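# Per-entry structural report
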Amino acid sequence: MQNKLIFKFWRRTHIKESTDTEIGTINTHEEEKDNHEWDNPLEFIFSLISNSVGLGNVWRFPYLAAKSGGGLYSILLSYTIYRFICYIGAFLIPYFILYFLIGAPIYYLELALGQFSSRGPATAFLLAKGWQGVGFAMIINSVLCMLYYNVIISWALFYFISSFRTNLLWKKCGYWWNDARCFVPGADSSSFRVNGTTYNCTEPQFLNRTEYLCEQINATDRVTATEQFFFQLLLNKSNKFEDFGRPRAYPAVSLLLAWIIVGACIIRGVKSSGKVAYFTAIFPYIVLLVLIIQSSLLNGAIQGIKYYVIPRWELVAKFETWQAAASQVFFSLGLSFGSLMAYSASNKFNNNFFRQMCIVVSCDCFTGVFAGFAVFATIGYLSTELKESVSKYADASGPGLAFITYPEAIAHMPASSLFSILFFLMLLALGLGSQFALTDVPITSILELFPRFKSQRELTVIITCVVSFLISLPFTCPGGIYLFELLNQYAANISMVVVGFFEVYVIAYVYGFNRFMNDVKMMLGKRAAEYYLFLTWCILSPIIMLVITFSNLWTSKQMSNGAGAGYEAYVDPGWSTIRSIGPSTDNGSSDDNNCPEKPRYIEAFTQNNAPRYDWGPKKSISHVGLYAYLKTVESKDVIVLDRIMNVSNDGYSNRSYQEDCISNKNAPQIPTERH
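Residues numbered from 1 in each chain as written. Predicted model: local features only at pLDDT ≥ 70, side-chain atom pairs only at ≥ 80, totals over all residues. Heavy atoms only, no water.

Attention shifts here to the overall build of the protein. In terms of regular secondary structure, the protein is built from 25 helices and nine strands. Counting the 675 residues in the protein, one finds 57% classified as buried. Expressed as a percentage of contacts within the protein between residues at least 6 apart in sequence, the contacts between residues at least 24 apart total 78%. (Helix = DSSP H or I, 4+ residues; strand = E, 2+ residues; numbered from the N terminus. Buried < 20%, exposed > 50% of the residue type's maximum accessible area, 1.4 Å probe, protein only. Contact = heavy atoms within 4.5 Å.)

Attention shifts here to a nonpolar patch on the surface. A contiguous nonpolar patch, built from F319, F534, L535, I539, I543 and V547 and spanning about 540 Å² of accessible area, is present on the exposed surface. By the element assignment, I539 lies in helix α24 (residues 530-554). For I539, a relative accessible area of 37% translates into the label partly exposed. (Patch = residues over 30% accessible without salt bridge, like charges linked within 9 Å, V, L, I, M, F, W, Y side chains within 5 Å. Areas by Shrake-Rupley, 256 points an atom, 1.4 Å probe, with all protein chains shown as cover. Salt bridge = Lys/Arg side-chain N within 4 Å of Asp/Glu carboxyl O.)

Before going further, it helps to spend a moment on the UniProt feature "binding site: Na(+)" (unreviewed entry) in the protein. Those places that UniProt annotates as "binding site: Na(+)" (unreviewed entry) correspond, in this numbering, to V53, N57, S332, L430 and S434. Spanning 382 residues, the annotated positions come together in the fold, the maximum distance between their C-alpha atoms being 11.5 Å. Of the annotated set, the members that line the largest cavity are N57, S332 and S434. Tracing the sequence through the fold places N57 in helix α4 (residues 55-67). A relative accessible area of 2% places N57 in the buried class. Not counting chain neighbours up to four residues away, the residues in contact with L430 comprise S50, V53, G54, L55, V58, Y149 and P284. (UniProt positions renumbered as here; feature names shortened; annotations may be inferred. 1 Å grid on protein atoms, 1.4 Å probe; cavity = no way out; pocket = protein on both sides within 12 Å on 5 of 7 lines; lining within 4 Å.)

Of note, S336 is a non-glycine position whose phi angle comes to about 70°, a positive value. The buried category is assigned to S336, whose relative accessible area is 0%.

Under the criterion given, the structure shown has one disulfide. Covalently, C173 is tied to C182 through a disulfide, its sulfur atoms 1.9 Å apart. Given an S-S torsion of about -85°, the disulfide between C173 and C182 has left-handed geometry. (Disulfide = S-S within 2.5 Å.)

What follows deals with the nonpolar core. Within the largest apolar cluster, 177 residues are counted, with the highest numbers of intra-cluster contacts made by Y107, Y108, F403 and W537. The element contributing the most residues to this core is helix α23 (residues 494-524), with 17 residues. The residues contacting F403, other than those within four sequence positions of it, are W59, I152, W155, A156, Y159, T226, F230 and F424. (Core = buried A, V, L, I, M, F, W, Y, C linked by side-chain atoms within 4.5 Å.)

For the coordinates displayed, the defined rule picks out three cavities of 30 Å³ or more. Estimated volume of the largest cavity: approximately 120 Å³. In terms of lining, the largest cavity is formed by 15 residues, of which the most central are N51, Y149, F331, G334 and S434. Broken down by secondary-structure element, the contributors of at least two residues to the lining of the largest cavity are α3 (41-52), α4, α9 (133-162), α15 (319-333) and α20 (416-449). Per-element accounting of the lining of the largest cavity gives the leading share, three residues, to α4. Split by residue class, the lining of the largest cavity holds six nonpolar, nine polar and no charged. (Points joined across faces, edges and corners; volume = space filled by probe spheres on them. Nonpolar A, V, L, I, M, F, W, Y, C, P; charged D, E, K, R; others polar.)

When charged atoms on two side chains of opposite charge get close, those side chains can pair. In the structure shown here, the tally under the stated rule is six salt bridges. One salt bridge in this structure joins D440 and R457, with 3.0 Å as the shortest N-O distance. Separated by 17 residues along the polypeptide, D440 in helix α20 and R457 in helix α21 (residues 457-472) bring together distant segments of the chain. Just as D440 is buried, R457 falls in that class too. As a salt-bridge pair, R527 and E530 come within 2.9 Å of each other at their nearest N and O atoms. We classify E530 as partly exposed; its relative accessible area is 22%. A single network of salt bridges, built from pairs that share partners, joins D39, E43, K271 and K275.

Another aspect to go through is the environment of S238. Looking at the secondary structure, you find S238 in the loop between α11 (225-235) and α12 (249-266). For S238, a relative accessible area of 9% corresponds to the buried category. A C-alpha to C-alpha distance of 8.7 Å links S238 and Y567, two positions 329 residues apart in sequence. Once you skip the residues sitting within four places of it in the chain, S238 turns out to touch D243, P478, G479, Y482 and Y567. Of the polar contacts made by the side chain of S238, one reaches the backbone oxygen of K240; its length is 3.0 Å. (Polar contact = N/O pair within 3.5 Å; in protein donor to acceptor, adjacent residues only side chain to side chain.)

What follows is about the packing of aromatic side chains. Enumeration according to the criterion identifies 47 aromatic pairs in this entry. Ring geometry for F158 and F229: centres 5.9 Å apart, planes at 35°, overall tilted. Taken together, the positions of F158 in helix α9 and F229 in helix α11 put the pair 71 residues apart, joining distant regions of the chain. Across the pair, F229 and F158 agree in class, each one buried. Above the plane of the ring of F453 lies R452, whose end atom (NZ or CZ) is 5.1 Å from the centre. (Phe/Tyr/Trp six-rings, centres within 6.5 Å; stacked < 30°, edge-to-face > 60°. Lys NZ or Arg CZ within 6 Å of the ring centre and 35° of its normal.)

Take the environment of H623 next. Tracing the sequence through the fold places H623 in the loop between α25 (600-608) and β8 (648-649). For H623, a relative accessible area of 5% gives the class buried. In contact with H623, other than residues within four places in its own chain, are P617, K618, A628, L630 and K631.

The N-to-C vectors of helix α17 (residues 353-385) and helix α19 (residues 399-411) enclose an angle of 55°; their axes lie 9 Å apart at closest approach. The orientation of α17 relative to α19 falls into the category oblique. Crossing angle aside, the handedness with which α17 passes α19 is left-handed. Residues A374, V375, T378, I379, Y381 and L382 of α17 touch α19, and the partners they reach there are L401, T405, Y406, E408 and A409. Partitioned by chemical class, the residues of the contact of α17 with α19 number eight nonpolar, two polar and one charged. (Axes fitted to C-alpha atoms, helices over the stretch in contact; angles between N-to-C directions. Parallel < 35°, antiparallel > 145°, perpendicular 65-115°, else oblique. Left-handed = near helix turned anticlockwise from the far one by under 90°.)

Okay, the confidence of the model for the protein next. Reading fine detail from the predicted coordinates is not recommended where pLDDT is low. Mean pLDDT over the protein works out to 77, with 72% of the residues at or above the 70 mark. Here residues 71-88 is modelled with pLDDT under 50, and outside its nearest four sequence neighbours on either side it reaches 36 contacts, counting other chains as well. (pLDDT = per-residue confidence, 0-100.)

Taking 1.5 Å per residue, 31 residues should reach 45 Å; α23 reaches only 33 Å between its end C-alpha atoms and comes up short. For α23, the buried fraction is high: 24 of the 31 residues fall into the buried class. G525 sits one or two residues past α23 and shows a positive phi near 80°. (Expected span 1.5 Å × (residues − 1).)

Here the focus is the environment of A411. Mapped onto the elements of the fold, A411 is located in helix α19. Residue A411 is classed as buried on the basis of its relative accessible area, which comes to 6%. Between the C-alpha atom of A411 and that of K172, which follows or precedes it by 239 residues, the distance is 9.1 Å. Ignoring any residue separated from it by four or fewer positions in sequence, one finds A411 in contact with L168, W170, K171 and S416.

Rendered as structure tokens:
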């Protein structure tokens with residue numbers, strides 16, 4: 001046993017003499033075996049657009065913009081820069097500021113890091129050995145979001161299939177899932193409200209009290225047909241989290257179909273998902289344009305648009321507005337999930353990712369604004385038809401907007417089945433584009449961490465999708481909607497900002513801003529956007545993200561659901577809320593008597609913040625300049641062939657390399673840090 005351990009250690013430290021030709025042959029063979037690149041740059045751009053422009057642009061951005069103060073009045077009515085600054089809305093002020101100071105810089109960082117190293121998040125942070133946990137945190141973010149995000153796609157799939165009918169199933173009552181509380185909203189059937197009190201009769205009946213006995217009722221006493229279709233038929237929602245129940249047939253089968261679609265589209269990686277991206281990136285814009293034209297011609301559309309575009313200035317100074325803007329920026333761009341790294345890792349080394357980033361970020365930034373007109377024009381029409389206030393329907397977000405409010409509006413439109421098919425097909429395209437990228441992260445990570453599976457990608461995809469489906473089954477239970485809301489609150493919110501902070505910190509301060517920009521120069525031939533990135537990465541972004549994180553934790557509240565849709569008001573369990581921040585303790589190690597001039601804790605800190613021996617471009621053709629020494633590194637048994645302690649290239653000096661006093665003095669030393 002002891003001999004085996006000694007031999008294993010010897011294999012890791014012994015230097016096998018090999019010629020450059022032999023090593024080059026090995027590397028070239030492995031790269032050909034792992035040739036996983038985009039067929040053309042256009043597929044990469046469409047995949048990025050499909051990843052970034054997702055469901056959040058349709059239901060999250062318009063809702064946050066309206067809730068946090070509107071904000072497009074300037075775009076519609078101002079023609080000079082001065083008037084634009086004066087009239088720009090309450091939500092768009094923090095949104096565009098955070099987009100420019102946090103969103104775009106981190107987007108640049110993830111694309112550059114993935115393309116330079118040809119690695120996904122699991123191994124990209126080998127550039128600082130002690131910070132590989134940042135990459136794993138991104139994988140956790142991606143997996144959590146992937147699990148509940150596909151649940152939304154399964155709901156859209158259920159609605160899409162249900163739309164192939166002359167009369168939509170949520171258009172009227174009388175089906176087996178409806179009960180006596182069901183009613184169809186409208187001028188002749190809506191409950192009459194006065195001074196905040198709801199009565200079980202219409203306004204004409206209330207005015208003629210002698211003939212009709214109008215009684216005061218609770219909000220749970222009457223439920224629309226659309227609400228019962230979603231909550232009773234599809235979800236079979238329970239009254240509280242504790243009544244979780246068992247998986248239900250309709251959502252479980254829909255979820256299974258959703259995972260089959262995802263697996264089929266990504267089974268060959270970027271070779272297959274890149275082709276699907278042509279549809280998932282372009283089709284939503286066509287449908288949005290059709291919906292905007294169609295909804296703007298409806299009666300009352302202007303009222304909804306006014307609610308959307310007129311700002312409310314008192315909300316600008318509230319931390320909640322900035323927190324909402326930050327979460328929207330991260331969620332919309334797909335930051336801190338690792339999907340951008342996984343996609344860019346399949347690029348050619350000299351691909352101009354900077355130009356592609358500018359295109360995608362611009363598309364994503366204005367798609368939410370674009371979608372808001374379609375959403376609020378439809379809400380304005382619905383409120384006019386039902387003689388309700390716009391704010392009643394504008395308060396809906398997420399599933400409430402996509403699966404209750406919008407279907408309700410579609411049900412009152414002419415050719416309702418056609419527009420229902422188009423709308424839910426658009427939701428499927430938007431959702432699948434993001435889901436492909438999220439699912440690709442754990443798959444890429446498995447293939448990187450376990451290289452023996454690289455030749456079995458199809459099997460890895462199938463196993464990942466099957467396991468993900470089984471883990472996601474709790475979402476199909478009656479209490480699954482509460483679990484969904486919990487993950488939606490925490491898995492796609494402040495955790496993204498925290499991971500983004502450590503991404504920027506590691507690149508700017510641990511690895512070094514100057515060195516990273518030189519890596520960018522190796523790819524693009526220039527240090528693109530250097531001064532802008534220095535200002536954001538090194539100064540503004542970390543400060544802003546810290547403020548947003550701590551303000552979010554300080555103002556966190558217990559999750560709750562108001563009364564409505566046939567359910568009483570419900571407050572989630574206390575364990576579902578972050579209550580306090582506990583300080584972490586980290587005790588240093590004792591000094592090493594054998595190395596008094598450099599204590600072991602300092603040595604550990606130095607080693608952990610240094611790149612691993614094989615950090616650099618993964619492809620041997622890019623092993624030039626500063627990374628020329630990688631040509632002497634074998635992929636299996638060899639670590640380093642000769643010392644490079646005294647090499648100095650492009651201003652980098654290795655004089656600061658210090659030998660590890662614990663390591664084998666007779667073995668060649670590996671460079672541990674560069675400045």
